[in-house]
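What follows is each chain in one-letter form.
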Amino acid sequence: MSGVDKWFGELHVLQDIDLSIDRGEVVVVIGPSGSGKSTLCRTINRLESIENGEITIDGQKLPAEGKELAKLRADVGMVFQSFNLFAHKSVLENVTMGPIKVRKQSKADAEKRARELLDRVGVGAQADKVPAQLSGGQQQRVAIARALAMDPKVMLFDEPTSALDPEMINEVLEVMVGLARDGMTMVVVTHEMGFARKAANRVVFMDGGRIVESATPEEFFTNPSSDRAKDFLSKILNH
Amino acid sequence: MQFLIDNFDLFWDAFLTTLSLSLLACLVALVLGTLLAAMRVSPIAPLRGLATFYVETFRNTPLTVVFFFMIFGLPQIDFVIGFFTGAVLSVGLYTAAFVCEALRSGINSVSPGQAEAARALGLTFGQSLREVVLPQAFRTVVPPLGNVLIAMVKNTSIAAGFSVSELSSLLPRLVNASAGDLTAILVGVVVGYMIITLPSALAVHRIERRVAILR
């Protein structure tokens, strides 16, 4: 993405953002609340539109609303803070909906693959329940399986563990670390510094709608170059 | 009671007319109402505008005026429809506005994250509405939708004023002919309506329990 600007009314939430992410790279976006990191994540599959600048994925410019955009979104997996599993569908149906409706796979193929994915994220036994019967951590892992079922080129994680009880955070992070090891391209907005250290290739620090710093995790956590990042880290790492 | 038995054919025919009028109008109202609700939440501004215009026009016009337009207004522009068809369309088009608003309130009750997740998977706007939002919206709107449809059944009585021989039209006819049987006539008519509305209310209650959703 280059020269991206976005306003919410008067508020300039993204200011001249330039960011490029290589295939297989895991980029963790951190920063204080209201710094624009979630918005940045959501612009990548155009859940938020932008006013200026350009976003390209795999050489293709992000299309405007319509069939083309739907096609592109199919290649970009997204995991939300509040899971957003389809409440009226079973866990299995949540995972097969995309492959059946968008990829036009047969029900049998989609279900076979969905069960594999649910096993992979450790919730295979819950396939026939509805989302509300699952714990938060299980729901989020289903959401990851749902995104993976589309064989995405890149996965976006918008604060995937922020709505979880502390003891459930790890089960979700472990799945994410596994994905990163397997070479998935990932953009992760999070407050989990442990995950950033462990799995990120690069840490992007945002504040006030700008990218303040972009560095490897070692560099960022041991020797941040900007005062704003130093200040932020000193506040969160003291506890 | 004897009066009702003696005039059973009359009541039966009128009942069937009210029933078919209700069922056909219900079909028109549900189909058109769903379409209008989809338009009102669509990202395309002209569609939204058109649906809003429709809803505000029909919702704020007395049903009698709608009937008058259908049955006496349309022939003025050389478009003649029968009394019964006119009644079906009047009640159906009028009720569609209320069905639309009931559905829209249901759509608004579905958290925006559901539609976002659907779109993020690559579903088109139509698909996310069909597969994700509307099925959940329908569940929350069963009770208000039931109200709208029961009101609709009673609204079909306005057709009496426009030469449709439905249940209410029996009142002036029979009372003029046999004023002494007023109570029996009223009972006959009210029971006729209840045979339609009470099972509907019961069905609504059943459906409500059946589709209740875990959140």
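Residues numbered from 1 in each chain as written. Chains lettered and ligands numbered in written order. Predicted model: local features only at pLDDT ≥ 70, side-chain atom pairs only at ≥ 80, totals over all residues. Heavy atoms only, no water.

Caption draft 1: The arrangement of the packing of aromatic side chains in detail. All names here are of chain A. The tally for this structure, following the rule as stated, stands at ten aromatic pairs over all chains. Ring centres of Phe205 and Phe220 lie 5.8 Å apart, and the angle between their planes is 35°; on these two criteria the pair is classed as tilted. Note that Phe205 is positioned in strand E10 (residues 202-207) and Phe220 in helix H8 (residues 217-222), a separation of 15 residues in sequence. Accessibility expressed as a relative area gives 0% for Phe220, which makes it buried. Here the aromatic cluster, defined as three or more aromatic residues joined through ring pairs, consists of Phe205, Phe220, Phe221 and Phe232. One cation-aromatic arrangement involves Arg146 over Phe86; the distance from NZ or CZ to the ring centre is 4.5 Å. The residue whose ring lies beneath Arg197 is Phe221, and the NZ or CZ to ring-centre distance is 4.5 Å. (Phe/Tyr/Trp six-rings, centres within 6.5 Å; stacked < 30°, edge-to-face > 60°. Helix = DSSP H or I, 4+ residues; strand = E, 2+ residues; numbered from the N terminus. Buried < 20%, exposed > 50% of the residue type's maximum accessible area, 1.4 Å probe, protein only. Lys NZ or Arg CZ within 6 Å of the ring centre and 35° of its normal.)

Caption draft 2: Looking closely at the nonpolar core. The biggest cluster of nonpolar side chains holds 57 residues, and the ones touching the most others in it are Phe11, Tyr54, Phe67, Met152, Leu167 and Leu170 of chain B. Only helix H1 (2-6), helix H2 (8-40), helix H3 (45-59), helix H4 (63-73), helix H5 (83-109), helix H7 (125-155), helix H8 (170-177) and helix H9 (182-211) of chain B provide two or more residues apiece to this core. Counting residues per element, this core draws most heavily on H5 of chain B, at twelve residues. Excluding anything up to four places from it in sequence, Tyr54 of chain B contacts Leu32, Leu36, Leu93, Ala96 and Ala97 of chain B. Among the nonpolar cores identified, the runner-up in size contains 51 residues, and Phe83, Ala147, Met193 and Leu233 of chain A belong to it. (Core = buried A, V, L, I, M, F, W, Y, C linked by side-chain atoms within 4.5 Å. Contact = heavy atoms within 4.5 Å.)

Caption draft 3: Summary view of the sheet that holds strand E9 (residues 185-189) of chain A. All names here are of chain A. Read from one edge to the other, the open sheet built from six strands follows the order E7-E8-E9-E3-E10-E11, with strand pairing classed as mixed. The sheet terminates laterally at strand E7 (76-79) and strand E11 (210-215), the two strands that pair on one side only. Taking the axes of each pair of neighbouring strands and ignoring which way they run, one obtains an average angle of 15° across the sheet. One ladder, built from four bridges, connects strand E3 (residues 26-30) with E10; its direction is parallel. (Pairing = 2+ DSSP bridges. Axes fitted to C-alpha atoms, helices over the stretch in contact; angles between N-to-C directions.)

Caption draft 4: Local environment of the packing of helix H3 (residues 91-101) of chain A against helix H4 (residues 107-120) of chain A. Residue and element names in this part refer to chain A. One way to put it is that H3 packs onto H4 with a least axis distance of 9 Å and a crossing angle of 125°. On the basis of the axis angle, H3 is oblique to H4. Between H3 and H4 lies a crossing of right-handed hand. Between H3, through Val91, Leu92, Val95, Thr96, Pro99 and Ile100, and H4, the contact on the second element is made entirely by Lys107, Ala110, Glu111, Ala114, Arg115 and Leu118. For the contact of H3 with H4, the residue count by class is eight nonpolar, one polar and three charged. (Parallel < 35°, antiparallel > 145°, perpendicular 65-115°, else oblique. Left-handed = near helix turned anticlockwise from the far one by under 90°. Nonpolar A, V, L, I, M, F, W, Y, C, P; charged D, E, K, R; others polar.)

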